[in-house]
Amino acid sequence: MALNKHTIPSWLTDVREDATKSNEWAELSKHIYDAVDQHLSQSHIDYFSELTEDEKILILERAARSLASSDGGRVYENLQSKLSYILDQTVNNQVARKMLEESLADTKTDLVLDTTAEGIVTLLRKNPDQKYKLKVFLNQSIPQPIRFLTWQLYLSNPSERKSFVQKLEKSPKLCLSHQDSEIQRKCDNILKTESTFKEMNGSIGITNSIKGILSYYHSTISEKRSLYEWEYLYALPIVNAHHPEFLKNESPSERSMAMLIEIYIQFMRTLPNAILSSNNPFNESSEMDLYIRKVIGLLDLHDMSLLSYIKNLASKNSSSDLVLLKVCCTPLIKSLFSSYLNLHALMYVWDQYTIGSGIL
């Protein structure tokens, strides 16, 4: 379901109104007001309105922290329980209405998940700074409607998007590589031959999106070279994450291309050097050795038998455990974001990397 950026679903508005009318909300509000008054008195300030915006935020944060060590903690927990109850009731009522009013093939579970995702996406669009709460999806796949917005928030690069839009407005040719036809041919071939991405084949929207990302990216790099294989493969999960899905017989909109290009270029710019060096034989990085030493350290803590086997194998080959593990791990790191997995598992890897990058 496509949402207007500023639209709030009616059911979500109902949740807010019911919550703010509850006794639990009134009780918590009183505790916060009392805590704010106390902090103002301690700072010898007569009126909250006298503060700057930054000072208001600081006072509210102090008041919120003070609640945790007082009776306010219990009051806050009561409001959380009430809000959870209201949300559960409202979502279920919304789903029940849909099932009565529309002829749907989706199950009730599907509708509950879709409605919840709609609410999450709406709130994140209004409050993108709350993206850190997406850590609840660690160790699980992010639902498709939420996934695309999540990747946008964590791989944001407004200046790159602006640059693309300005070039497009000036002349679409500025957004194309001089190897555009070769890039198109390579994209078609990858979709036909790479087993991970075969289910993406046959869609004009997908094919043109991948080619558009890579042609523009190639036009921006300073080296005079063709794109590497891994640079092609990294574009495919990003296009697959797009929501809503591309129509098979329609090319992507300019807005979609701007978002996809922004995500792709930011992803490429923030890749760890160890991954870049594993993909590019001309880009040696000492960071790879640091990663391998971390692996050895973890094995020493959690799997001494495997580490002993590796050390014995390295000794037989007149090598070191570092060199042997580097040989073993490099192909794994090289394919981490691109192959060897089915598409669902690969998208899971991208989800974890994306939200994990914000908390590590």
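Here's a quick rundown of the structure. (Residues numbered from 1 in each chain as written. Predicted model: local features only at pLDDT ≥ 70, side-chain atom pairs only at ≥ 80, totals over all residues. Heavy atoms only, no water.)

Right, let's get into the nonpolar core. Of all hydrophobic cores here, the largest spans 60 residues; its most connected members are M200, I210, L214, Y234 and Y264. Excluding residues within four positions of it along the chain, Y234 makes contact with Y264, F267, M268, L271, I275, N279, K334, F337, S338 and W350. If you look at the next biggest cluster of nonpolar residues, it comprises 11 residues, including L134, I142, L149 and I355. (Core = buried A, V, L, I, M, F, W, Y, C linked by side-chain atoms within 4.5 Å. Buried < 20%, exposed > 50% of the residue type's maximum accessible area, 1.4 Å probe, protein only. Contact = heavy atoms within 4.5 Å.)

This next bit is on the side chain of S256. Among the structural elements, S256 can be located in helix α12 (residues 254–270). Once residues within four sequence positions are removed from consideration, S256 is found in contact with H242 and F246. (Helix = DSSP H or I, 4+ residues; strand = E, 2+ residues; numbered from the N terminus.)

Next up on the list: the pattern of salt bridges. For side chains bearing opposite charge, pairing can occur when the charged atoms are close. What the rule picks out here adds up to 13 salt bridges. Among the ionic pairs, E262 bridges to R161, the shortest N-O distance being 2.8 Å. Of the two residues, E262 sits in helix α12 while R161 sits in helix α7 (residues 158–170), which places them 101 residues apart along the sequence. Residue classification places E262 among the buried residues on the basis of a relative accessible area of 5%. We note a salt bridge from D289 to K326, for which the minimum N-O separation is 3.1 Å. In this pair, D289 sits in helix α14 (residues 287–302) while K326 sits in helix α16 (residues 321–334), placing the two residues 37 residues apart along the sequence. (Salt bridge = Lys/Arg side-chain N within 4 Å of Asp/Glu carboxyl O.)

On to the side chain of T150. On the secondary structure map, T150 appears in helix α6 (residues 144–154). Judged by its relative accessible area of 0%, T150 is buried. Within the structure, T150 has its side chain in polar contact with the backbone oxygen of I146 (distance 2.8 Å). Residues in contact with T150, not counting those within four places in the same chain, are L134, I142, T354 and I355. (Polar contact = N/O pair within 3.5 Å; in protein donor to acceptor, adjacent residues only side chain to side chain.)

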